[in-house]
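# What the coordinates show
Below are the chains, spelled out letter by letter.
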Amino acid sequence: MQGRRPLIAGNWKMHKTPAEAREWCAGFRDRLPAVPPGVDVAVCPPFTALEAVSAALRGHPAWVAAQTISDQPSGPHTGEVSASMVFGCGARGSILGHSERRAMGETDAMVASRVRAALDAGLRPIICIGESLDEREGGVTSEILADQLMVAIGVVRANEVDRIVIAYEPIWAIGTGRMATPEMAQETIAAMRASAAPHLDANRLRILYGGSVTPASARELLVAPDIDGALVGGASLDPESFAMIIEAAG
Ligand code: PEP
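Reading the values: rules and limits
- Residues numbered from 1 in each chain as written.
- Predicted model: local features only at pLDDT ≥ 70, side-chain atom pairs only at ≥ 80, totals over all residues.
- Heavy atoms only, no water.
- Helix = DSSP H or I, 4+ residues; strand = E, 2+ residues; numbered from the N terminus.
- Polar contact = N/O pair within 3.5 Å; in protein donor to acceptor, adjacent residues only side chain to side chain.
- Contact = heavy atoms within 4.5 Å.
- Salt bridge = Lys/Arg side-chain N within 4 Å of Asp/Glu carboxyl O.
- Expected span 1.5 Å × (residues − 1).
- Buried < 20%, exposed > 50% of the residue type's maximum accessible area, 1.4 Å probe, protein only.
- Arc of directions from axis to C-beta.
- 1 Å grid on protein atoms, 1.4 Å probe; cavity = no way out; pocket = protein on both sides within 12 Å on 5 of 7 lines; lining within 4 Å.
- Points joined across faces, edges and corners; volume = space filled by probe spheres on them.
- Nonpolar A, V, L, I, M, F, W, Y, C, P; charged D, E, K, R; others polar.
- Near = heavy atom within 4 Å.
- Areas by Shrake-Rupley, 256 points an atom, 1.4 Å probe, with all protein chains shown as cover.
- Core = buried A, V, L, I, M, F, W, Y, C linked by side-chain atoms within 4.5 Å.
- Pairing = 2+ DSSP bridges.
- Right-handed = clockwise from strand over helix to strand, strands pointing away.

## As for the side chain of Asp40
Looking at the secondary structure, you find Asp40 in strand E2 (residues 40–44). Polar side-chain contacts of Asp40 include one of 2.8 Å to the side chain of Arg5. Those residues in contact with Asp40 that lie beyond four places of it in its chain are Arg5, Pro6, Leu7, Ile8, Trp63 and Arg206.

So this is what it looks like as structure tokens:
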């Protein structure tokens, strides 16, 4: 990881009511009252549980993040939630451009404007980038990833590189139980880092892997030199398995 701090982020997707979220936090705090030195941890509940999780994790080193935000500060945008609103609920970051949202029509340009809105509001964006199975099999993965990455980091200033996180999430690996091999993830992330280099200090850019990470697979993944942590979906819903993945990063 060459000096970059690993980050383990848990994406709960559309799971857990506020009461269930509080129960998760209590179990997580019991299991992992402190995180291993040098490791960052983020928990990304749905909007409706942000306040509950922020309160339940007060004093714990894990930070809280949303799963998306609007690119608009306020206004007639029914159903949308702004960066300052999630900040006010205790979030200090947000996942942006998750493939489940891109599948509903979110474009690279929309992701980029959300990245800017997040940075302007003091949130750390966790920007998801990934190729489909057809793109991987068609041999166009590096072009697809470079395109997504360039648009997203095009709005990031040189002095903001430490505030952003990229998550490489191959779409075919998300929620399928089919994790990319550590070799494939390392090779892909190293290529992404190289493609970012002309635009910002890529050695400082944190790039996570996401897609079917489990406690059993985490360690072999996290020792790869370019992989700076994991974005974890399914396995983050259980405090025990999330804690085990965090320990694997330590
Ligand atoms: C995700 O949703 O970002 C994710 C990586 O999910 P899973 O770990 O369940 O594949």
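Back to the text.
## Some words on the pattern of salt bridges
What the rule picks out here adds up to 17 salt bridges. Of the charged contacts in the structure, one is a salt bridge between Arg206 and Asp40, with a shortest N-O distance of 2.9 Å. With a gap of 166 residues between them, Arg206 in strand E7 (residues 206–210) and Asp40 in strand E2 connect regions that are remote in the sequence. Bridged by salt links that share partners, the residues Arg4, Arg193, Asp226 and Asp228 form one connected network.

## Considering helix H1 (residues 18–31)
With 14 residues, H1 should reach 20 Å at 1.5 Å per residue; the first-to-last C-alpha distance of 20 Å fits that figure. Where H1 is concerned, the buried positions are Ala21, Trp24, Cys25 and Phe28. The arc enclosing the buried residues of H1, seen along the axis, measures out at 100°, which places them on a common side. Those residues of H1 that are exposed and angled more than 90 degrees off the buried face are Glu23 and Asp30.

## Quick look at the layout of surface pockets
In this approach, a probe sized like a water molecule rolls over the atoms, and the result shows the empty space that is left. Considering only enclosed or pocket space, the largest pocket measures out at about 330 Å³ in volume. Every residue lining the largest pocket is counted, 13 residues in all, and those nearest its centre are Lys13, Met14, Pro46, Gln67 and Arg101. Residue composition of the lining of the largest pocket, grouped by class: five nonpolar, five polar and three charged. Computed from the structure, the second largest pocket encloses a volume of approximately 190 Å³. Looking at the second largest pocket, it is lined by 17 residues, and the ones nearest its centre are Lys13, Gly175, Ser212, Gly233 and Gly234. A per-class count over the lining of the second largest pocket returns six nonpolar, nine polar and two charged.

## Some remarks on helix H5 (residues 108–120)
Compared with the 18 Å implied by 1.5 Å per residue over 13 residues, the 18 Å span of H5 between its first and last C-alpha is a close match. Listing the buried residues of H5 in full gives Val111, Ala112, Arg114, Val115, Arg116, Ala117, Ala118 and Leu119. Just downstream of H5, Gly122 is the residue with a positive phi angle, here 85°.

## Details of the site of the ligand
Neighbouring the ligand are 14 residues, the closest being Lys13, Glu169, Gly175, Ser212 and Gly233. One of the side-chain N or O atoms of Asn11 is found 3.3 Å from an oxygen atom in the ligand. Between the ligand and the protein, one listed contact pairs an oxygen atom with a side-chain N or O atom of Glu169 at 2.8 Å. Look at the ligand: alone it shows 290 Å² of surface, and the protein chains cover 95% of it. Looking at side-chain class alone, the shell around the ligand contains four nonpolar, eight polar and two charged residues.

## Section: the nonpolar core
The nonpolar side chains of a soluble globular protein tend to be buried with one another. Membership of the largest hydrophobic core comes to 69 residues, with the highest contact counts inside it found for Ile8, Phe28, Val53, Ile166, Tyr209, Phe242 and Ile246. If one sorts the elements of this core by residue count, helix H10 (residues 239–249) sits on top with six residues. Ala9, Val165, Ala167 and Leu231 belong to the second largest nonpolar core, which has 13 residues in total.

## Observations regarding the pairing of strand E3 (residues 63–66)
Neither face of E3 is open: one carries Trp63 and Ala65, the other Val64 and Ala66, and all of them are buried. Across two bridges, E2 lies against E3 in parallel orientation. Residue pairing across strands places Val43 opposite Val64, the latter belonging to E3. Taking the sense of rotation as the criterion, the β-α-β connection linking E2, helix H2 (residues 50–56) and E3 turns out right-handed. Bridge analysis of E3 against strand E4 (residues 93–96) gives two bridges, and the strand direction is parallel. Across the sheet, the residue bridging to Ala66 is Ser94, located in E4. As a crossover connection, the stretch from E3 through helix H3 (residues 83–88) into E4 is right-handed.

Worth remembering: the numbers are spatial, not functional.
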